[in-house]
Amino acid sequence: QRLGRPLVDTGQQKPSPALLRAIGLALYWQQQLDNGTYASLEALARREGRDISTVSRILHLGLMAPSLVETCLAGQQPRTLNLKWLQRHRLPNDWTAQQQTFASFQ
């Protein structure tokens, strides 16, 4: 304890390593597609040894609003909105609608 406060706030939610890794992969893979490293989604999936549908679901996370990415980095995303949910349910492309989706979990 320091100044009467605990060193660790055990009530605070922590970032999800799986979710952050998937967002990072999405951004990296999109960059690889954009710069021509991979000519297609199929080539990327083959190179990564993943099913094309899995790659597509992860790539969609790269379209997440920057403010929501920051929310995830801070570990402040709704507890029930996790990577599994995001892989099964696509967020809308519109950032305002994405924020409304996040808010609906709280």
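## What to know about helix α1 (residues 17-34)
For step 1, the next point in the chain: Here α1 contains 18 residues, and its C-alpha end-to-end distance of 26 Å stays within 8% of the 26 Å for a straight helix at 1.5 Å per residue.
For step 2, the next point in the chain: Within α1 the residues assigned to the buried category are L19, A22, I23, L25, A26, W29 and Q32.
For step 3, the next point in the chain: The elements touched by buried residues of α1 are α2 (41-48), α3 (52-59), α4 (66-73) and α5 (83-88).
For step 4, the next point in the chain: G36 lies just past α1 and shows a positive phi near 85°.

## Here we look at the nonpolar core
Soluble, globular proteins show a tendency: their nonpolar side chains are buried together.
For step 1, the next point in the chain: Grouped together as the largest cluster of nonpolar side chains are 24 residues, with contacts concentrated most on I23, W29, L61, M64, L86 and F102.
For step 2, the next point in the chain: Considering every element that reaches this core, the biggest residue donor is α1, with 6 residues.
For step 3, the next point in the chain: Here M64 is in contact with I23, V69, C72, L86, L91, W95, Q98 and F102, once residues within four sequence places are set aside.

So, how was this worked out
Residues numbered from 1 in each chain as written. Predicted model: local features only at pLDDT ≥ 70, side-chain atom pairs only at ≥ 80, totals over all residues. Heavy atoms only, no water. Helix = DSSP H or I, 4+ residues; strand = E, 2+ residues; numbered from the N terminus. Expected span 1.5 Å × (residues − 1). Buried < 20%, exposed > 50% of the residue type's maximum accessible area, 1.4 Å probe, protein only. Contact = heavy atoms within 4.5 Å. Core = buried A, V, L, I, M, F, W, Y, C linked by side-chain atoms within 4.5 Å.

As far as function goes, none of this settles anything; it's purely spatial.
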